[in-house]
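Understanding the architecture of this molecule
Each chain, letter by letter, is given below.
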Amino acid sequence: MSALQNKKRHLIVLSNPRSPITEAYRSLRTNIDFSSVDERTQVIMVTSTGPEEGKSTVVANLAVTYAQGERKVLLIDADMRKPTVHRTFQLTNKMGLSSILSRQCNLEEVIQESEVPNLYVMTAGPIPPNPAEMLNSKRMTNLMQLLREQFDMILIDTPPVLAVTDAQLLASNSDGVLMVINSGKVKKDVALKAKENLLRVNARILGVVLNNVKRKTSEEYYYYYYGN
Ligand SMILES: Nc1ncnc2c1ncn2[C@@H]1O[C@H](COP(=O)(O)OP(=O)(O)OP(=O)(O)O)[C@@H](O)[C@H]1O
Ligand SMILES: [Mg+2]
């Protein structure tokens with residue numbers, strides 16, 4: 001593993017509570033709460049059209065933001081193909097989602113405390129040969145039902161929609177989907193295709209986080225657009 005892959009992910013909401021980006025995460029949380037007047041939004045998955053658009057960055061920062069709002073939060077790394085959450089929070093990945101789905105351990109063993117109060121983490125676990133089959137299992141549905149009873153909010157990191165079916169499968173156990181779009185990289189028709197794939201499995205798309213929006217100053221920052 002390269003030095004870069006081992007490197008801890010820098011979480012701006014922790015390091016810089018007053019930055020505009022941190023403020024954007026707080027507004028995102030508020031807007032998600034406001035969108036949930038009639039429908040329950042307890043389980044949110046974060047995905048994207050393609051790879052490396054910022055899913056893991058957004059879901060980790062959002063999980064911390066929810067935890068800071070005094071809610072008991074679980075972040076699940078359901079990207080069993082390119083897991084990174086353990087690295088972000090410097091936790092062990094010896095056991096995780098793949099271990100519990102393959103009956104190699106029990107639930108208490110895969111829920112780790114993070115350094116952030118109220119934030120718990122289920123890492124991805126060892127990379128399995130059949131992630132989609134695992135996510136599609138009855139055991140996964142049962143696991144999510146159990147976790148809903150134990151946590152106020154559950155956030156899920158996933159692989160990209162257009163690469164594999166995992167995100168579509170996870171949508172059936174989620175109350176809402178946040179799409180992260182690298183605005184400089186992703187073409188509109190490709191983003192629409194990803195949206196279609198999610199709507200086909202009846203996913204409720206909460207909104208889109210536009211990442212990498214270039215400003216006049218050429219500084220990179222997050223901007224989110226909220227709506228249908
Ligand atoms: N707004 C940003 N400004 C600068 N760097 C960013 C930004 N968003 C993400 N990155 C960086 O881009 C890389 C990819 O981001 P991230 O790992 O969050 O994407 P991902 O969608 O989870 O990727 P994957 O498909 O591999 O899971 C990381 O090195 C991350 O630190
Ligand atoms: Mg990722």
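To start, this report covers the structure provided alongside it. From a predicted model like this one, the values you see are computed outputs, not experimental measurements. (Residues numbered from 1 in each chain as written. Chains lettered and ligands numbered in written order. Predicted model: local features only at pLDDT ≥ 70, side-chain atom pairs only at ≥ 80, totals over all residues. Heavy atoms only, no water.)

Details of the overall build of the chain
Worth spelling out the cut-off: Runs of E in the DSSP output that reach at least two residues are strands. Runs of H or I that reach at least four are helices, and both are numbered from the N terminus. Throughout, the radius of gyration refers to the C-alpha atoms, and the reference size of a globule is 2.2 Å times the residue count to the power 0.38. The buried label applies to any residue whose accessible area, calculated with a 1.4 Å probe on protein chains only, is under 20% of its type's maximum; exposed applies above 50%, and partly exposed to all values in between. By the convention used here, residues are in contact when the closest approach between their heavy atoms is within 4.5 Å.
Looking only at helices and strands, the chain has 11 helices and 8 strands in total. Since a compact globule built from 228 residues should have a radius of gyration of about 17 Å, the 16 Å found for the chain is in line with a globular shape. For the chain, the spread of C-alpha atoms along the principal axes amounts to about 50 × 40 × 40 Å. Residues counted as buried form 55% of the 228 residues belonging to the chain. Expressed as a percentage of contacts within the chain between residues at least 6 apart in sequence, the contacts between residues at least 24 apart total 77%.

A closer look at the pairing of strand β1 (residues 43-48)
The condition is simple: Any two strands with at least two DSSP-identified bridges between them are counted as paired.
Of all the 6 residues making up β1, 6 are buried; the element is thus mostly covered by neighbouring parts of the structure. Every second residue of β1 is oriented toward a common face, with Val43, Met45 and Thr47 on one face and Ile44, Val46 and Ser48 on the other, all of them buried. Both β1 and strand β5 (residues 153-157) contribute to a ladder of 4 bridges, which runs parallel. Residue Val46 lies in a different strand from β5, and its bridge partner there is Asp157. Judged from the 5 bridges that link them, β1 and strand β6 (residues 176-182) form a sheet pairing that is parallel. Counted as the bridge partner of Met45 is Val177 from β6.

Description of the nonpolar core
Test applied: Here, the term nonpolar core denotes a set of buried Ala, Val, Leu, Ile, Met, Phe, Trp, Tyr and Cys residues that are joined through side-chain atoms within 4.5 Å.
With 34 residues, the main nonpolar core has Ile76, Leu97, Met122, Leu147, Ile154 and Ile156 as its most contacted residues. The greatest single-element share of this core, amounting to 4 residues, is contributed by helix α9 (residues 138-150). Setting aside anything within four residues of it in sequence, one finds Leu97 in contact with Ile76, Asp77, Ala78, Met80, Met122, Thr123, Ala124, Gly125, Leu135, Met140 and Leu143. Within the second largest apolar cluster, 31 residues are counted, among which are Ile32, Ile44, Val46 and Leu62.

Quick notes on the pattern of salt bridges
Pairs can form between side chains of opposite charge whenever their charged atoms are close. This is how the line gets drawn: Between Lys or Arg on one side and Asp or Glu on the other, a salt bridge is scored when a side-chain nitrogen of the former is within 4 Å of a carboxyl oxygen of the latter.
Scanning the model with the defined rule gives 7 salt bridges in all. Taking the shortest distance from any N to any O, the salt bridge between Asp33 and Arg71 comes out at 2.9 Å. Residue Asp33 is located in helix α3 (residues 20-34), and its partner Arg71 is located in the loop between α4 (55-68) and β2 (73-77); the two are separated by 38 residues in the primary sequence. Taking relative accessible area as the criterion, Asp33 reaches 31% and is therefore assigned partly exposed. In this structure Arg71 comes out as partly exposed when scored by relative accessible area, which is 22%. When the shortest N-O distance is used, the salt bridge between Arg81 and Asp166 registers 2.8 Å. With a gap of 85 residues between them, Arg81 in the loop between β2 and α5 (85-88) and Asp166 in helix α10 (residues 166-171) connect regions that are remote in the sequence.

Digging into the environment of Leu97
Mapped onto the elements, Leu97 comes out in helix α6 (residues 97-101). Expressed as a C-alpha distance, the spacing of Leu97 and Pro117, which sit 20 residues apart in the sequence, is 22 Å.

Notes on the environment of Val201
Looking at where Val201 falls in the secondary structure, it is placed in the loop between α11 (188-200) and β7 (205-214). With 31 residues separating them in the primary sequence, Val201 and Leu170 have C-alpha atoms 9.8 Å apart. For Val201, the contacting residues outside a window of four places in its chain are Gln168 and Ala171.

Structural notes on the site of ligand 1
Note the threshold: We call a residue near a molecule or strand when any one of its heavy atoms sits within 4 Å of it. What qualifies as a polar contact is a pair of N or O atoms within 3.5 Å, subject to a donor-acceptor requirement within protein and to the restriction that residues adjacent in sequence count only when both atoms come from side chains. Each accessible area value is a Shrake-Rupley result obtained with a 1.4 Å probe; residue values ignore everything except the protein chains displayed when judging cover. Under the scheme applied here, ten amino acids are nonpolar (Ala, Val, Leu, Ile, Met, Phe, Trp, Tyr, Cys and Pro), four are charged (Asp, Glu, Lys and Arg), and all others, including Gly, are polar.
In the vicinity of ligand 1 there are 13 residues, among which Lys55, Ser56, Thr57, Lys82 and Asn211 approach most closely. One nitrogen or oxygen atom from the side chain of Arg9 is found 3.2 Å from an oxygen atom belonging to ligand 1. Within the contact set of ligand 1, an oxygen atom lies 3.1 Å away from a backbone nitrogen or oxygen of Glu53. In isolation ligand 1 exposes 630 Å². Once the protein is present, 70% of that is buried. Of all the secondary structure elements, the ones that give two or more residues to the shell around ligand 1 are α4 and β8 (220-226). Sorting elements by how many residues they give to the shell around ligand 1 places α4 first, with 3 residues. Its residues placed into classes, the shell around ligand 1 shows 2 nonpolar, 4 polar and 7 charged.

Structural notes on the side chain of Ser99
Within the secondary structure, Ser99 is located in helix α6. Polar side-chain contacts of Ser99 include one of 2.8 Å to the backbone nitrogen of Gly96. The contacts of Ser99, once residues within four sequence positions are left out, are Lys94, Gln104, Cys105, Gly125 and Pro126.

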